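Summary of structural features
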Amino acid sequence: MLARRGLSAVGFRPMTSEFLRSACPHDCPSCCALEVERIDARTIGKVRGNAANDYTAGVICAKVSAYKERQHHPDRLTHPMKRVGPKGTGAFERISWDEALDTVAENFKRAEAEYGPETVWPYHFAGTMGLVQRDSIFRLRHAFGFSRMEQTICTAAPDAGWKAGVGAMRGADPREIQESDLIVVWGGNPVSTQVNVMTHVAKARKARGAKLVVIDVYETPTASAADIFLKVRPGTDGALAVAILHVLFKEGLADRQYLAEYTDFPADLEAHLESRDPAWASEITGVPVEDILAFARLYGSTPKSFMRVGYGFTRSRNGPAAMHAVSCLPAATGSWRHKGGGALYTNRSIFGVDQSMVMALDRFDRSVRELDMCQIGRILARDEVALKGGPPVTAMLTQNVNPADVAPESNLVRDGLRRDDLFLCVHEQFMTETAKFADILLPATTFLECDDLYQGGGHIYLQVAKAILEPLGECRDNTAVINGIAKRLGTDHPAFSMSAWDLIDDALTRTGYPDAETLHAKGWENCVKPFEEMHFLNGFGHADGKFHFSPDWSAVGETHSDMPRLPDHMPAHDSSDKDHPFRMVTAPARRFLNTSFTEMPSSLKKERGPRAKIHPQVCAEMGLAEGDPIRVGNKRGAVTVTVEPFDELDLNTVVVESVWPGHHFPEGVGINALVSADRALPNGGGVFHDTAVWLAKP
Ligand SMILES: Nc1nc2c(c(=O)[nH]1)N[C@H]1C(S)=C(S)[C@@H](COP(=O)(O)OP(=O)(O)OC[C@H]3O[C@@H](n4cnc5c(=O)[nH]c(N)nc54)[C@H](O)[C@@H]3O)O[C@H]1N2
Ligand SMILES: Nc1nc2c(c(=O)[nH]1)N[C@H]1C(S)=C(S)[C@@H](COP(=O)(O)OP(=O)(O)OC[C@H]3O[C@@H](n4cnc5c(=O)[nH]c(N)nc54)[C@H](O)[C@@H]3O)O[C@H]1N2
Ligand code: SF4
Ligand SMILES: [Mo]
């Protein structure tokens with residue numbers, strides 16, 4: 001328990017407030033170093049970026065600046081509950097923690113007795129990114145042989161493409177952006193999704209007159225801020241990248257010495273590129289030939305060009321192939337040689353935190369079935385392929401995740417969550433759409449009320465954060481819930497007797513980092529590797545140390561037979577046809593983070609409601625005006641949103657920003673009703689921006 005701070009003699013105003021160090025836990029590559037104003041043991045005031053951290057540099061996004069609205073929201077869950085009405089209606093009654101956890105354990109045991117341990121499926125994602133609070137659920141799976149979860153929803157597709165060429169999950173130090181002359185943001189929208197990139201871009205522009213190029217399917221706030229905006233059709237980035245390669249080789253802008261020394265430089269690469277010229281790419285991408293040529297020349301003649309690679313363009317069936325093609329560009333120009341050059345997709349692998357205790361890796365068993373989290377709808381519908389021939393899923397715990405809204409094929413997901421023979425325990429901060437389906441609903445702490453360890457995928461710092469508030473009501477952290485369930489199921493594993501702080505300390509000291517207390521006092525640990533390693537000058541991640549223009553896709557994923565041998569456009573996506581003439585992209589909204597923050601009044605006010613950005617010419621043809629309702633649909637479902645005429649996108653592209661919870665739509669289900677749970681090639685991954693749709697007046 002934290003001591004209550006003193007109250008002043010006059011009224012109940014606190015005598016002092018203080019700013020305490022913390023780290024942002026949300027699913028965002030920025031993982032900002034924060035300073036949080038604690039007014040008393042239950043109340044926060046301002047939240048600001050830590051100016052002493054040279055990546056955060058004192059800047060954070062608007063949604064986290066307003067965090068007190070989320071922390072002190074009247075709708076926070078405060079005590080355990082059990083369902084009393086029909087599933088999905090949200091009718092609950094208060095119970096004790098003991099009754100709640102006993103019920104969960106009894107139901108897991110009952111399910112297991114009937115179908116074996118794989119019938120239990122603990123399901124999680126990234127509500128918090130902390131390495132202990134997020135990943136303790138692995139320990140539950142491993143220790144009891146429950147079904148494993150294939151983490152496909154976010155990074156699987158981009159990882160596959162990056163791994164194919166580069167071979168290691170790291171890239172240039174993002175602080176080098178300020179030393180670049182050209183920053184290319186490919187298929188990402190950092191103004192909305194990781195604002196700190198823009199801080200460093202602004203420094204490069206001011207100090208060196210650097211140029212910013214953005215490649216996206218519509219004019220995002222990042223694209224509006226760019227010097228050059230290349231507007232592509234969804235799922236066509238491979239073609240653009242290959243045409244740029246064509247120009248680089250044709251015009252002597254490729255660095256042949258670098259290619260020979262650092263890459264596999266296939267003998268037939270240039271012959272392969274010959275036919276893939278800007279005119280060919282222009283047909284596919286919709287980008288004018290002159291723009292492709294101008295950008296290729298600029299990129300090829302700027303040694304210090306930094307490519308910040310986003311996730312957006314990889315969320316298609318062909319996304320990994322596109323990622324590979326894009327990753328070939330710095331390998332062709334050799335920009336990796338230069339400080340301020342090269343590329344960054346993620347720096348996830350530089351931290352190397354040993355999570356063997358957190359995840360009970362000593363009990364890990366590869367033979368236990370692994371279910372694709374994106375296919376939760378098909379799994380709950382007892383699809384045999386999705387179930388991998390194993391037993392049905394009849395018991396679940398969800399933690400840090402809101403699958404009723406965020407997973408593809410929402411109608412199937414909701415039908416599954418409504419199943420009478422499914423026992424569902426949800427551990428949540430708010431009454432989400434998923435929580436409404438729970439049999440047992442448990443209240444979760446926020447990051448301000450628990451301890452954790454954070455690594456920044458978009459930077460280089462490792463941070464320890466301590467709770468700075470008492471838990472609200474009876475809220476418990478994820479570690480405590482996992483341990484409580486495990487104890488009731490019966491376990492001898494020591495990790496289930498450790499607190500979050502013990503586990504942080506264990507993970508740090510095992511890896512050779514300072515202990516938790518020391519690292520917390522220090523603020524953060526800089527985990528950057530030497531320049532030669534971050535820039536692969538002492539070898540790329542493959543056994544031969546080379547960048548691979550011709551990847552071994554069979555080492556990347558199972559469904560590799562159609563992957564292109566050399567960088568290419570792969571025409572594998574949900575193609576529009578006469579019944580589905582539009583391609584829909586479901587890009588992130590600035591004031592939400594997936595469905596987190598959709599409860600915050602200031603965010604709701606800014607985001608206004610689910611809207612479809614549609615080209616004005618299409619609006620005119622269909623007789624649509626701003627604010628009209630429009631139905632968007634395909635064979636998986638249909639939802640009604642509001643028309644927003646928007647001219648900076650292709651005629652056949654429709655953009656619906658954000659994952660608005662289902663209750664904001666008249667159908668009671670959200671945009672993911674339309675998105676397919678098909679797997680990106682060759683190794684799975686959500687295809688959230690790869691959906692052919694029709695538009696119709698209601
Ligand atoms: N405000 C806010 N911040 C967020 C999130 C959020 O929802 N809101 N989500 C967080 C999470 S979980 C993640 S993974 C990251 C994601 O951050 P980003 O890397 O920014 O990735 P995406 O959200 O997938 O989409 C980014 C952009 O890709 C574009 N895009 C879609 N399809 C294509 C295509 O085929 N080609 C090209 N060139 N562009 C395309 C979209 O229009 C969008 O502008 O952001 C995190 N930060
Ligand atoms: N249409 C469409 N769908 C998408 C995407 C898209 O771009 N378009 N993006 C996809 C991507 S990239 C991702 S990563 C996924 C994200 O999907 P999710 O990880 O499900 O993200 P959120 O919707 O933010 O839900 C996280 C939930 O965790 C809860 N939470 C936060 N902290 C804690 C905690 O400490 N303990 C517990 N128990 N709960 C906590 C929050 O209250 C919130 O309800 O969505 C995917 N879905
Ligand atoms: S930019 Fe990302 S990491 Fe930083 S405060 Fe906002 S959500 Fe958190
Ligand atoms: Mo994500």
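Overview of the structure. (Residues numbered from 1 in each chain as written. Chains lettered and ligands numbered in written order. Predicted model: local features only at pLDDT ≥ 70, side-chain atom pairs only at ≥ 80, totals over all residues. Heavy atoms only, no water.)

1. Description of the pairing of strand S9 (residues 211–216)
Operational definition: The buried label applies to any residue whose accessible area, calculated with a 1.4 Å probe on protein chains only, is under 20% of its type's maximum; exposed applies above 50%, and partly exposed to all values in between. Comment: elements are numbered from the N terminus, with helices defined as DSSP H or I runs of at least four residues and strands as E runs of at least two. Should DSSP find at least two bridges between two strands, the strands are taken to pair.
Burial runs high along S9: 5 of the 6 residues are buried. Two elements, strand S8 (residues 182–186) and S9, share 5 bridges in a ladder whose sense is parallel. Within the sheet, the bridge partner assigned to leucine 182 lies in S9 and is lysine 211. Where S9 lies against strand S10 (residues 228–231), 4 bridges are found, and the strand directions are parallel. Note on S10: the bridge partner recorded for valine 213 is isoleucine 228.

2. Observations regarding the sheet that holds strand S18 (residues 461–465)
Read across the sheet, 3 strands follow the order S17-S18-S19 without closing on themselves; strand pairing throughout is antiparallel. In the strand order of this sheet, the two ends are held by strand S17 (452–455) and strand S19 (525–526), each with one partner. The sheet contact formed by S17 and S18 spans 4 bridges and is antiparallel. Looking across to S18, one finds that aspartate 452 is bridged to alanine 465.

3. Looking at the packing of aromatic side chains
For any pair of aromatic rings, geometry is given as the distance between the ring centres together with the angle between the planes. How we decide: By convention, a stacked pair of Phe, Tyr or Trp rings (six-membered ring in the case of Trp) has centres within 6.5 Å and planes under 30 degrees apart, an edge-to-face pair has planes over 60 apart, and any other such pair is tilted.
This structure, assessed with the given rule, holds 21 aromatic pairs. Measuring from centroid to centroid gives 5.1 Å for tryptophan 336 and phenylalanine 536, while their planes differ by 85°, and the two rings are edge-to-face. Taken together, the residues span a long stretch of sequence, with tryptophan 336 in the loop between helix H14 (319–333) and strand S12 (342–344) and phenylalanine 536 in the loop between helix H21 (531–534) and strand S20 (582–585) at a distance of 200 residues. For the pair tryptophan 336 and phenylalanine 536, one class covers both residues: buried. Taking 6.3 Å as the distance between ring centres and 65° as the angle between the ring planes, the aromatic pair formed by tyrosine 461 and tryptophan 524 counts as edge-to-face.

4. Comments concerning the pairing of strand S14 (residues 395–399)
Counting buried positions along S14 gives 5 out of 5 residues, so the element sits mostly inside the fold. Burial along S14 is two-sided: Ala395, Leu397 and Gln399 and Met396 and Thr398, pointing in opposite directions, are all buried. Sheet topology places strand S6 (residues 120–124) next to S14; 5 bridges connect them, and they run parallel. Within the sheet, the bridge partner assigned to tryptophan 121 lies in S14 and is methionine 396.

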